[in-house]
Amino acid sequence: MPERIFIFDTTLRDGEQSPGYTMNTQEKLRLAKQLEALGVDIIEAGFPIASDGDFEAVRQVAETIKDSEVAALARANDEDIDRAWEAIKHAQNARIHVFISTSDIHLKYQLRKNRDEVLKIAVSAVKRAKKYSSNVEFSAMDATRSDRDYLCKVFAETIDAGATTINVPDTVGYAVPTEFGELIRYIREHVPNISKAIISVHCHNDLGLAVANSVEAIKEGARQVECTINGIGERAGNASLEEIAMILRIRKDIFDAETRIVTEKIYPTSRLITTITGVPVQPNKAIVGANAFAHESGIHQDGLLKSKFTYEIMTPESVGISKSSLVLGKHSGRHAFNSRVKELGYILDDKSLNLAFKRFKALSDMKKYIYDEDIVMIIMDEVYKVPEKYKLLYLTVTCGNTTIPTATVKLEIDGATYQDAGYGDGPVDAAYKIIKRLVKTNSKLLKFSVSSVTQDMDAQGEVFVKLEEKGLTVTGKGADTDIIVASAKAYINALNKLEYMKQRLK
Ligand code: KIV
Ligand code: ZN
């Protein structure tokens, strides 16, 4: 019987706290639903004490998610634990995750406490959390640089205090696989009550070993792995969920362990994060990178044509990359479109499906092949959008190397039509200046990036922007075969979000 490995996803906490990956509540909720559909066992929804925004996001995730446990992070103190519980108390399955450092370096320089003091704090924190929930995880931060016997003592006493999961974080990404595996074995052999808790691991990727360390730990008895989609996270990131899930699926001969992950939903989930954050995945990233299944060399292509097993250890379909995506185009009907939408992991009601299908038809008039990435963009644009105070009615630009870039923009604002024209440093700058003037926004553009949704010549350009106004930060996205139009859509999308958030905060 294969061992069951619990997947604890911390994309919304460790992932989200890394630069460039900030998400608003609505985006976190959307991602949490996707993680639930992916089959994640535990979703760490955030760190409620960190800010009111974090608290609210965790609260909404906890109220919405039914099939996964929802965890909230807390330092080992009363205030953090109470706030964490307040945020997740309505979850079907709520877990409080408390942590404190156990390494001498952290004790001396960060906590300024001795080992006995930290042990007491850890125990009383677990006891407090236990009063709220039977499901308590305790993490010994910087475990891999901690004295092993002290670490075992802390784990033994926190298990006695009620911890049901004990987590071994390689906080600074320092461990190497053999050493990390040995540590897990040591814990198993030296914590007398270890059978009362699940051993979890939480590896960072500073030396590029987060996944290798995590799977080595599984061999030595870890039954929970903490990871993130696309391996996002602090500094070099966390262990990547998709890599761990596929290692366990493909190398059953070595691991004899299984997860509940629906691997066919991996790619749509990865794509959702890039769509939400605007941060692309490196092309050679295992499992989800654009080149992960691209065989360029003639020898490989020849081998693949003879038998796909010559050079392919897993199929693109097994991770949710549909090869048949090429067949969608101008002649595809509503039914074919909806089947693909479902394959991508989205369930749309009739109204949303009609909207998305209409946009699909318009796009297929401009573009020969419609790829999965295009469909995801359509769904994001048409279905998951905020109320539109501002609508783009018309945009024209003139530009070139011998003319001053000018733009004419017509917008609908609260139902009335406004238009203006002007020039800028380039066509996007000109369009943005006019939009800014018409909308009278005080927001600042923090980030602007353009990428191609797919790789063909008639690909859609995808534009991502980030705006800030009085401490509120929003992202906006737009896609179109014309990148100036995509840029305007992204800007207007962000302005609509900003307006929506301002209204909600009033
Ligand atoms: O890296 C780390 O140590 C953490 C803990 C809070 C588990 O993220
Ligand atoms: Zn971490």
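Residues numbered from 1 in each chain as written. Chains lettered and ligands numbered in written order. Predicted model: local features only at pLDDT ≥ 70, side-chain atom pairs only at ≥ 80, totals over all residues. Heavy atoms only, no water.

Right, let's talk about the overall build of the chain for a bit. Helix and strand counts for the chain stand at 18 helices and 16 strands. Its C-alpha radius of gyration of 25 Å places the chain within 12% of the 23 Å reference for a compact globule of 506 residues. Its C-alpha atoms give the chain principal-axis dimensions of roughly 75 × 65 × 45 Å. Among the 506 residues that make up the chain, the fraction classed as buried is 56%. Taking contacts inside the chain between residues at least 6 apart in sequence as the whole, the part at least 24 apart equals 66%. Carbon together with sulfur atoms contributes 52% to the accessible area of the chain, which is approximately 22400 Å² in total. Of the side chains in the chain, 67 bear a positive and 70 a negative charge, and the two mean positions are spaced by 4 Å. (Helix = DSSP H or I, 4+ residues; strand = E, 2+ residues; numbered from the N terminus. Rg over C-alpha atoms; globule rule 2.2 N^0.38 Å. Buried < 20%, exposed > 50% of the residue type's maximum accessible area, 1.4 Å probe, protein only. Contact = heavy atoms within 4.5 Å. Areas by Shrake-Rupley, 256 points an atom, 1.4 Å probe, with all protein chains shown as cover. Lys, Arg positive; Asp, Glu negative; His and termini not counted. Charge placed at Lys NZ, Arg CZ, Asp CG, Glu CD.)

Let us now look at the coordination of the zinc ion (ligand 2). Surrounding the zinc ion (ligand 2) are the protein donor atoms Asp14 (OD), His202 (NE2) and His204 (NE2), at 2.0 to 2.1 Å. The motif formed by the donor residues of the zinc ion (ligand 2), counted along the single chain, is D-x187-H-x1-H. Of this pair, Asp14 sits in helix α1 (residues 11-15) while His202 sits in strand β8 (residues 198-203); the two residues are 188 residues apart in sequence, bridging distant segments of the chain. Relative accessible area serves as the criterion here: at 6%, His202 is assigned to the buried category. (Donors = N, O, S within 2.8 Å, 3.2 Å for Na, K, Ca; no water.)

When their charged atoms lie close together, side chains carrying opposite charge are able to pair. Enumeration over the complete set of coordinates arrives at 35 salt bridges. Put simply, Arg223 and Glu3 hold a salt bridge, and the shortest N to O gap is 3.2 Å. You can see Arg223 sitting in the loop between α9 (210-219) and β9 (224-227) and its partner Glu3 sitting in strand β1 (residues 3-4), a full 220 residues away along the chain. What makes Glu3 partly exposed here is its relative accessible area of 40%. Close ionic contact of Glu462 with Arg271 constitutes a salt bridge, the shortest N to O distance being 3.1 Å. Of this pair, Glu462 sits in strand β15 (residues 461-469) while Arg271 sits in helix α12 (residues 266-277), placing them 191 residues apart in sequence. A relative accessible area of 13% means that Arg271 is categorised as buried. Salt bridges linked by common partners bring Arg4, Asp41 and Arg260 together as one network. (Salt bridge = Lys/Arg side-chain N within 4 Å of Asp/Glu carboxyl O.)

One open sheet accounts for three strands, arranged β11-β12-β13; its pairing is antiparallel. Looking at strand neighbours, the two that pair on one side only are β11 (390-398) and β13 (416-423), the edges of this open sheet. On average, each strand axis in the sheet is tilted by 15 degrees relative to the strand beside it, whichever way the strands run. By the bridge criterion, eight bridges tie β11 to strand β12 (residues 406-413) in an arrangement that is antiparallel. Looking across to β12, one finds that Leu395 is bridged to Val409. (Pairing = 2+ DSSP bridges. Axes fitted to C-alpha atoms, helices over the stretch in contact; angles between N-to-C directions.)

Each domain of the chain was delimited in the assignment, giving domain 1 (3-277), domain 2 (289-321), domain 3 (324-382) and domain 4 (390-505). On a C-alpha basis, the centres of domain 1 and domain 2 stand 34 Å from each other. Listed per partner, the contact involves eight residues of domain 1 and seven residues of domain 2. A combined buried area of about 570 Å² lies between domain 1 and domain 2, and 70% of that area is made up of carbon and sulfur atoms. In terms of surface lost to domain 2, no three residues of domain 1 exceed Met246, Ile250 and Tyr267, which account for 65% of the buried area on that side. At the junction of domain 1 and domain 2, the tally comes to zero salt bridges. The interface formed by domain 1 and domain 2 contains three residue pairs in polar contact (both at pLDDT 80 or more). (Domains from an automatic or database assignment. Buried area = accessible area lost by both parts, 1.4 Å probe. Polar contact = N/O pair within 3.5 Å; in protein donor to acceptor, adjacent residues only side chain to side chain.)

So, about the sheet that holds β15. Ordered in space as β14-β15-β16, the three strands form an open sheet in which the pairing is antiparallel. Here the strands that pair on one side only, and so sit at the sheet edges, are β14 (444-452) and β16 (472-480). Here the strands of the sheet are splayed against their neighbours by 15 degrees on average, with no regard to which way each runs. Sheet contacts for α12: β15 and β16; angle to β15, the most-contacted strand, approximately 50 degrees.

Quick look at the environment of Asp381 now. By secondary structure assignment, the location of Asp381 is in helix α16 (residues 372-382). Spatially, the C-alpha atoms of Asp381 and His335 are 20 Å apart, while their sequence positions differ by 46 residues. Setting aside its immediate chain neighbours within four residues, Asp381 contacts Arg359, Lys477 and Ala479.

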